[in-house]
Amino acid sequence: MDLVSYADLVVELVNTHDPAEDALRDLDSLRALLTTRPHLLGRLTYRDLEAMRQLRQELRAIVEAAVAGEGDRAAEGLNALLIRHPVRPALSDHDGHRWHLHLTEDGSVPDRYAAGAAMGLAVLIGEKGLDALGLCASPECRNIFFHTGPDRSQLHCSDHCAKRDGGQ
Ligand SMILES: [Zn+2]
């Protein structure tokens, strides 16, 4: 797993908040979010749910600052997260994979999630720049996304949203 891929944690968490429906409202929806990340699963409490919702808000604020070109504000928020959730790098060859670097494997679920997400986002911005981050222009969506190629003109998170907004 390369370190930039940890930034997917940011997208997956932030996009659980849909203006029409909150997909992070109870422990079952939190478990659903974590099913693709078995290494992050653990005992979950309402306190964890609250911490994840708080983290979601902080990450969205960081991404929105980045999209608005406010690099200082984005970095300030991200650096604060990195201080609160320090990563513990560890080399692993679990499940027959080649040796690769993993980030933190201890602490509560929200702590581990935050550490991975903050590190991934910091690496992504460091390697690809602030403008690699996008915010869907559709008011009914507002999902965040990452521009994958050099073309950063994409306004929507998906074709679905682009079509709904009138094929831009
Ligand atoms: Zn969208």
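That block above? That's the structure.
All of these numbers come straight from a predicted model, not from anything done at the bench. (Residues numbered from 1 in each chain as written. Predicted model: local features only at pLDDT ≥ 70, side-chain atom pairs only at ≥ 80, totals over all residues. Heavy atoms only, no water.)

**A few points about the coordination of the zinc ion**
Part 1 of the argument: Coordination of the zinc ion by the protein comes from Cys136 (SG), Cys141 (SG), Cys157 (SG) and Cys161 (SG), over a distance range of 2.3 to 2.4 Å.
Part 2 of the argument: Around the zinc ion, the four donor atoms sit at angles spanning 105 to 116°, and that spread fits a shape best called tetrahedral.
Part 3 of the argument: Here the donor residues of the zinc ion are spaced in sequence according to C-x4-C-x15-C-x3-C. Taken together, the residues Cys141 in the loop between strand 3 (133-135) and strand 4 (144-146) and Cys161 in helix 6 (residues 159-164) connect sequence positions 20 residues apart. Just as Cys141 is buried, Cys161 falls in that class too. (Donors = N, O, S within 2.8 Å, 3.2 Å for Na, K, Ca; no water. Tetrahedral: all angles 85-135°; square planar, octahedral: opposite > 155°, others 65-115°. Helix = DSSP H or I, 4+ residues; strand = E, 2+ residues; numbered from the N terminus. Buried < 20%, exposed > 50% of the residue type's maximum accessible area, 1.4 Å probe, protein only.)

**With respect to helix 4 (residues 71-84)**
Part 1 of the argument: With 14 residues, helix 4 extends 20 Å between its outermost C-alpha atoms, agreeing within 8% with the 20 Å of an ideal straight helix rising 1.5 Å per residue.
Part 2 of the argument: When we look at burial in helix 4, the residues that qualify are Ala74, Leu78 and Leu81. Projected down its long axis, helix 4 shows its buried positions confined to an angular sector of 55°, all on one face. Among the exposed residues of helix 4, those pointing more than 90 degrees away from its buried face are Asp72, Glu76 and Ile83. (Expected span 1.5 Å × (residues − 1). Arc of directions from axis to C-beta.)

**Some words on the packing of helix 3 (residues 46-67) against helix 4**
Part 1 of the argument: Running from N to C, helix 3 and helix 4 point in directions that differ by 150°, and their axes come no closer than 7 Å. In terms of orientation, helix 3 lies roughly antiparallel with respect to helix 4. Both helix 3 and helix 4 take part in a crossing whose hand is left-handed. Residues Leu55, Glu58, Leu59, Ile62, Ala65 and Ala66 of helix 3 touch helix 4, and the partners they reach there are Arg73, Ala74, Gly77, Leu78, Leu81 and Arg84.
Part 2 of the argument: In terms of residue class, the contact of helix 3 with helix 4 is built from eight nonpolar, one polar and three charged. (Axes fitted to C-alpha atoms, helices over the stretch in contact; angles between N-to-C directions. Parallel < 35°, antiparallel > 145°, perpendicular 65-115°, else oblique. Left-handed = near helix turned anticlockwise from the far one by under 90°. Contact = heavy atoms within 4.5 Å. Nonpolar A, V, L, I, M, F, W, Y, C, P; charged D, E, K, R; others polar.)

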